[in-house]
Amino acid sequence: MSLKPFIEEFISNRNYNLFVHWDVNHITSLIFPTVFNKYYVGWLGIRFDNTAPTNDTSKFYFCKIMHGKAVASNNAGGAFYITNYSKLIISNSTIANCYSESVGGGIYLNNSSPKIYSNIITNNKGLQGGGIYCSNGSPIINDNTIENNHVFGTTEGGGAICCLGGSPFIKNNNISNNEAYGWGGGIYCYSSSAIISNNIVSYNTALRGGGIFSISMSSPLTSIIYNIISNNSATQ
């Protein structure tokens, strides 16, 4: 599927989502501004749910994905829900003001390894992983600005990024001003062999681990190298 540049779709007071069962190539501007009311928003995000691995790579370039809300049976991944699918690139896009009542306020990844680079991921909220939630898989998360995201679960973590298992590669990101009521205001890793390298992690807040919180009962271990981690705060 190809969408022409500068397409704008205005949807008000409707619930819908976009399930992808084919490849989405060369989308240069996909804009979903949505009007909130008290109970509903206009859409439930873009979903790659066991999309056929024989598809070509789907690409989202220079898009604005905004005001998605993952609720009820679609309660993970406010902007993107991606499970068991890796042939995906999200680049030079804005993912903003999205919400998940479960995990992945902006992006939810399960057993998936897409490339996510040079995006602005901001003002998203979720129970865990306010900006990005990844469970297993080896996503590449590079050169993004991930800021002002929020995790509202009191025992959960990862205001910007949450990694449960897997081996994500997180490099050259600016991770700032994110908040978790639980652990890891910037990044939270649990039993993950994540490589966290050359990032700026600053001005994030959490109950524990204002910048980065990593815990593992055994191998694998998270690698945290050559980062600038400064001006973060934790209350415990």
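Please read all numbers here as calculations on a predicted model, not as lab measurements.

### Some thoughts on unusual backbone geometry
Item 1. Notably, N172 is not glycine yet its phi reads approximately 60 degrees, a positive angle.
Item 2. With respect to the secondary-structure elements, N172 resides in the loop between β23 (169–171) and β24 (174–176).
Item 3. Residue N172 is classed as partly exposed on the basis of its relative accessible area of 35%.
Item 4. Unusually for a residue other than glycine, N177 sits at a positive phi of about 60 degrees.
Item 5. Mapped onto the elements of the fold, N177 is located in the loop between β24 and β25 (179–183).
Item 6. Accessibility expressed as a relative area gives 40% for N177, which makes it partly exposed.

### Side note on the packing of aromatic side chains
Item 1. Summed over all chains, the structure comprises nine aromatic pairs.
Item 2. Ring plane angle 80 degrees and centroid distance 5.1 Å describe the contact between F60 and F80, whose orientation is recorded as edge-to-face. Note that F60 is positioned in strand β7 (residues 58–61) and F80 in strand β10 (residues 80–83), a separation of 20 residues in sequence.
Item 3. The class of F80 is buried, set by a relative accessible area of 0%.
Item 4. Look at Y108 and Y133: their rings are 5.6 Å apart centre to centre, the planes differ by 5 degrees, and that puts the pair in the stacked class. Pair noted here: Y108 is in strand β14 (residues 107–110) and Y133 is in strand β18 (residues 132–135), with a separation of 25 residues, a long-range link. Of the two residues examined, Y108 and Y133, each falls in the buried class.
Item 5. The rings of F48, F60, F80 and Y85 are connected pair by pair, giving a single aromatic cluster.

### Quick word on the pairing of β10
Item 1. Covered by surrounding structure in β10 are F80 and I82 together with Y81 and T83, the residues of both alternating faces.
Item 2. In this structure, β10 lies alongside β14, joined through four bridges in parallel fashion. Following the sheet pairing, T83 is matched in β14 by N110.

### Thoughts on the nonpolar core
The nonpolar side chains of a soluble globular protein tend to be buried with one another.
Item 1. F80, I82, I95, I107 and I161 are the most contacted members of the largest nonpolar core, which totals 33 residues.
Item 2. Mapped by element, the contributors of at least two residues to this core are β6 (46–49), β10, β11 (88–91), β14, β18, β22 (161–164) and β26 (187–190).
Item 3. Leave out the neighbours within four places in its chain, and I161 touches I132, I141, I146, I170, I175, G186, I187 and Y188.
Item 4. Judged by nonpolar contacts, the second largest core, of eight residues, contains Y81, Y133, C162 and F213.

### Considerations on the confidence of the model for the protein
Item 1. Residue-level pLDDT values for the protein average 83, and 81% of them are 70 or greater.
Item 2. Considering only residues more than four positions removed or in separate chains, one finds that residues 1–16, a stretch of pLDDT under 50, has 42 contacts.
Item 3. For residues 18–24, every residue scores under 50 in pLDDT, and the model assigns this stretch 24 contacts once sequence neighbours within four places are set aside.

### As for the side chain of N149
Item 1. Mapped onto the fold, N149 is located in the loop between β20 (145–147) and β21 (150–151).
Item 2. In this structure the side chain of N149 is engaged in a polar contact, spanning 3.4 Å, whose partner is the backbone nitrogen of N123.
Item 3. Not counting residues up to four positions away in its chain, the partners in contact with N149 are I121, T122, N123, N124, G130, G131, G159, N177, N178 and E179.

### Thoughts on the sheet that holds strand β15 (residues 115–117)
Item 1. Reading across the sheet, the seven strands line up as β7-β11-β15-β19-β23-β27-β31 and stay open at both edges, with parallel pairing between neighbours. What marks the edges here is a single partner per strand, and that holds for β7 and β31 (223–225). Averaged over all adjacent pairs, the angle separating strand axes in this sheet is 5 degrees, with direction ignored.

Definitions and limits used
- Residues numbered from 1 in each chain as written.
- Predicted model: local features only at pLDDT ≥ 70, side-chain atom pairs only at ≥ 80, totals over all residues.
- Heavy atoms only, no water.
- Helix = DSSP H or I, 4+ residues; strand = E, 2+ residues; numbered from the N terminus.
- Buried < 20%, exposed > 50% of the residue type's maximum accessible area, 1.4 Å probe, protein only.
- Phe/Tyr/Trp six-rings, centres within 6.5 Å; stacked < 30°, edge-to-face > 60°.
- Pairing = 2+ DSSP bridges.
- Core = buried A, V, L, I, M, F, W, Y, C linked by side-chain atoms within 4.5 Å.
- Contact = heavy atoms within 4.5 Å.
- pLDDT = per-residue confidence, 0-100.
- Polar contact = N/O pair within 3.5 Å; in protein donor to acceptor, adjacent residues only side chain to side chain.
- Axes fitted to C-alpha atoms, helices over the stretch in contact; angles between N-to-C directions.

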